[in-house]
Amino acid sequence: MAEQLALVIGGTIGGLLLLLLLIGASCCLWRRFCATLTYEELPGTPAMASAAASSGQQDRPCQPHARTQLSRPPDVPFVVPPSLQGRDLVPLHSGEWTHAPWDSCPASELLPHTPSGGLGDACMVGAINPELYKFPEDKSETDFPAGCLGRLWFSVEYEQEAERLLVGLIKARHLQAPSETCSPLVKLYLLPDERRFLQSKTKRKTSNPQFDEHFIFQVSSKTVTQRVLKFSVYHVDRQRKHQLLGQVLFPLKNETLAGDCRRVIWRDLEAESLEPPSEFGDLQFCLSYNDYLSRLTVVVLRAKGLRLQEDRGIVSVFVKVSLMNHNKFVKCKKTSAVLGSINPVYNETFSFKADATELDTASLSLTVVQNAEGDKSQQLGRVVVGPYMYTRGRELEHWDEMLSKPKELVKRWHALCRITEP
């Protein structure tokens, strides 16, 4: 019994020793295997590598660097990446190593892809197309139409909570000065109030001034969309007299002020009309006809010199545009109402469907209407444009010019005529 117990104990101890021996051998083999994967001896010398690279370059195109046998310095315990192979390593004073700028054959992954096949193409990638990274060219400072008086850049932002209109005056370009030198300044109005204005600094001797100034108008959120920003650009001569170079009228619409964000806008300067207003006022609008789409377009721009009846409380003015055919009503559209101004600005576009065969019998009627508080609307004046059947003079000329210039906006002023009561 004792002998059997001794045999069991001896076998157990022998088995444990054998197991420990196997574990130790496995660890040694694993370490050697890992060392083999991590470090790789590259035979040869730098001189041999350079010679091999130069001879290969003379005989044939550059091959993938994986085939080139290069050496490494004894102090660098890693394999040189393929993209950096072919470069000599020179010692520094600090004992570190760096790559020399010499490179007889560029790395294959930096070469453009060529359609020809081959083993060397396996490492190549497609070339970068620089056209995909170009920004669209801004031609707003180079493309000026003939007869342009200048161009003005500004920004608009409205703060709903503080009820403040923030206007940024950015720059002007291509100003047409009355003399050799130009010293511009800008006056800002918030129409219909023409008595108060804000003024920029005068920029001396430049036709392309950079202002970068900011202005604040206090205006309620209920009336801000009925206001119009007016920029008047002046030249200041040596006697400090102001000569008007042009103006910009910008109506404040809901889409412009939405989102409480700053919007940068540019507009071309317009000459101020020196003609006195007609007896009942004047209306400016554009006409255009697209024969391909059979579409008649009307752009109502502004009115001036209206004879409002201001004794009826709060007054607002809008324009009604009606398409007629054989003196029969076809369709009617209206602009938004502008509050209490004898010079309202609209800049609103309307389109009507009209076949080319109907233009000899069609006409447009534009009526300026005043709305008063607690009273019915009153018509302040009307303009009718159309063919010879209905109109004469400037109205007929405007219609004929529209037909002679298809797809082009033709702009003109017209005097309002009083509508006789039936």
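Computed from a predicted model, the values in this text were never measured in an experiment.

To continue, consider the sheet that holds strand β4 (residues 164–173). Across the sheet, four strands lie side by side as β7-β4-β3-β10; this open sheet has antiparallel pairing. Two strands lie at the open edges of the sheet, namely β7 (210–218) and β10 (263–268), each paired on one side alone. Direction aside, neighbouring strands of the sheet carry axes that sit 25 degrees apart on average. In the sheet, strand β3 (residues 151–159) pairs with β4 via nine bridges, with the strands oriented antiparallel. From the neighbouring strand, Phe154 faces β4, where its bridge partner is Leu169.

All told, the structure shown has six salt bridges when counted by the stated rule. For Asp268, the salt bridge goes to Arg151, with nearest N and O atoms at 2.5 Å. You can see Asp268 sitting in strand β10 and its partner Arg151 sitting in strand β3, a full 117 residues away along the chain. Of the charged contacts, one joins Glu159 and Arg164 as a salt bridge, the two residues approaching to 3.1 Å between their closest N and O atoms. Taking relative accessible area as the criterion, Arg164 reaches 28% and is therefore assigned partly exposed. Via salt bridges that share partners, Glu397, Glu401, Lys405 and Arg412 belong to a single interconnected network.

Looking now at the packing of aromatic side chains. Any aromatic ring pair is given by two values, namely how distant the centres are and how the planes are angled relative to each other. Tallied over the entire structure, the rule returns four aromatic pairs. With a centroid separation of 4.5 Å and 35 degrees between ring planes, the pair formed by Phe154 and Phe231 is classed as tilted. On the criterion of sequence distance, the pair formed by Phe154 in strand β3 and Phe231 in strand β8 (residues 228–236) is long-range, its members being 77 residues apart. In this structure, Phe154 and Phe231 share a single accessibility class: buried. A network of ring pairs unites the aromatic residues Phe154, Phe231 and Phe250 as a single cluster. Against the face of Tyr189 rests Lys230, its NZ or CZ located 5.3 Å from the ring centre. Taking the ring centre of Tyr388 as reference, the NZ or CZ of Arg392 above it sits at 3.7 Å.

To continue, consider the sheet that holds strand β6 (residues 193–199). With respect to topology, four strands assemble into an open sheet ordered β6-β5-β8-β9, the strand pairing being antiparallel. Single-partner strands in this sheet number two, and they are β6 and β9 (242–251). Averaged over all adjacent pairs, the angle separating strand axes in this sheet is 25 degrees, with direction ignored. As paired elements, strand β5 (residues 184–191) and β8 share eight bridges and run antiparallel to each other. In the sheet register, Tyr189 faces β8, and the bridge partner there is Lys230.

Counting 32 residues, the largest nonpolar core has Leu283, Val300, Val321, Leu364 and Leu366 as the members making the most contacts within it. Those elements that place two or more of their residues in this core are β11 (282–290), β12 (295–304), β13 (315–325), β16 (345–353), β17 (362–372), β18 (378–385) and α4 (393–404). Looking at which element gives the most residues to this core, the answer is β13, with five residues. What Leu366 contacts, discounting residues up to four positions off in sequence, is Leu283, Phe285, Val298, Val300, Val319, Lys320, Val321, Gly381, Arg382 and Val383. Among the nonpolar cores identified, the runner-up in size contains 28 residues, and Val156, Ala172, Val233 and Leu269 belong to it.

Mean pLDDT over the protein stands at 77; residues scoring 70 or higher make up 69%. Contacts for the low-pLDDT stretch residues 44–70, under 50 throughout, to residues beyond four places or in other chains number 23 contacts.

Before going further, it helps to examine empty space enclosed by the protein. Scanning all chains against the criterion turns up one cavity of 30 Å³ or more. In this structure, the largest cavity spans a volume of roughly 30 Å³. Along its surface, the largest cavity is lined by Leu191, Pro192, Gln226, Arg227, Val228, Val338, Ser341, Asn343, Pro344 and Val345. Residue classes in the lining of the largest cavity are distributed as six nonpolar, three polar and one charged.

Among the nine residues of β11, nine are classified as buried, and the element is accordingly described as predominantly covered. Both β11 and β12 contribute to a ladder of nine bridges, which runs antiparallel. The partner of Cys286 across the bridge, within β12, is Val299. Hairpin connection, β11 to β12: the antiparallel pair is bridged by four residues, and Ser294 has positive phi, about 55 degrees. Here β11 runs beside strand β19 (residues 410–415); their pairing, made up of six bridges, is antiparallel. Pairing of Gln284 across the sheet is with Trp413, part of β19.

Moving on, we come to the side chain of Thr391. Residue position: Thr391 is located in the loop between β18 and α4. According to the relative accessible area criterion, Thr391 is buried, its value standing at 4%. One polar contact links the side chain of Thr391 to the main-chain carbonyl oxygen of Gly386, over a distance of 2.7 Å. Discounting residues that sit within four places of it in the chain, Thr391 has contacts with Val384, Val385, Gly386 and Leu396.

Of all nine residues in β3, eight are buried, a share of seventy percent or more. In sequence, β3 turns back onto β4 through a hairpin of four residues, with Glu163 there showing a positive phi of about 55 degrees. Both β3 and β10 contribute to a ladder of six bridges, which runs antiparallel. Among the inter-strand pairings, Ser155 is bridged to a residue of β10, identified as Val264.

About the criteria used
- Counting restarts for each chain, with residues numbered from 1 along the sequence as it is written.
- Given that this is a predicted model, residues contribute local features only at a pLDDT of at least 70 and side-chain atom pairs are listed and counted only at 80 or more, while totals for whole chains, interfaces and linings are drawn from all residues.
- With hydrogens and water set aside, each side-chain value is computed from the structure's full complement of heavy atoms.
- Strand pairing is assigned whenever DSSP detects at least two bridges linking the two strands.
- Helix and strand definitions here come from DSSP, where helices need a minimum of 4 consecutive H or I residues and strands a minimum of 2 consecutive E residues; each element is numbered from the N-terminal end.
- Each axis is a line fitted through C-alpha atoms, and for a helix only the stretch in contact is used; angles between axes span 0 to 180 degrees, taken between their N-to-C directions.
- Salt bridge, as used here, is a side-chain nitrogen of Lys or Arg placed within 4 Å of a carboxyl oxygen of Asp or Glu.
- Only protein chains enter the accessibility calculation, which uses a 1.4 Å probe. A residue is then buried if its area is under 20% of the maximum for its type, exposed if over 50%, and partly exposed in between.
- The aromatic pairing rule takes the rings of Phe, Tyr and Trp, using the six-membered ring of Trp, and pairs them if the centres are within 6.5 Å, calling planes under 30 degrees apart stacked, those over 60 edge-to-face and the rest tilted.
- Charge over a ring is defined by NZ of Lys or CZ of Arg lying within 6 Å of the ring centre and within 35 degrees of the ring normal.
- Take the buried Ala, Val, Leu, Ile, Met, Phe, Trp, Tyr and Cys residues and link them wherever side-chain atoms come within 4.5 Å; each set so joined is a nonpolar core.
- It only takes one pair of heavy atoms within 4.5 Å for two residues to be counted as in contact.
- On a range of 0 to 100, pLDDT expresses the predictor's confidence in each residue.
- Definitions used for this entry: grid spacing 1 Å over protein atoms alone; cavity, a set of points where a 1.4 Å probe fits but cannot get out; pocket, an open set with protein on both sides within 12 Å along at least 5 of 7 lines; lining residue, one with an atom within 4 Å of a point.
- Grid points are joined across faces, edges and corners, and a volume is the space filled by probe spheres set on the points.
- Under the scheme applied here, ten amino acids are nonpolar (Ala, Val, Leu, Ile, Met, Phe, Trp, Tyr, Cys and Pro), four are charged (Asp, Glu, Lys and Arg), and all others, including Gly, are polar.
- Under the rule applied, a polar contact is a pair of N or O atoms within 3.5 Å (in protein, one hydrogen donor and one hydrogen acceptor; residues adjacent in sequence only if both atoms are side-chain atoms).

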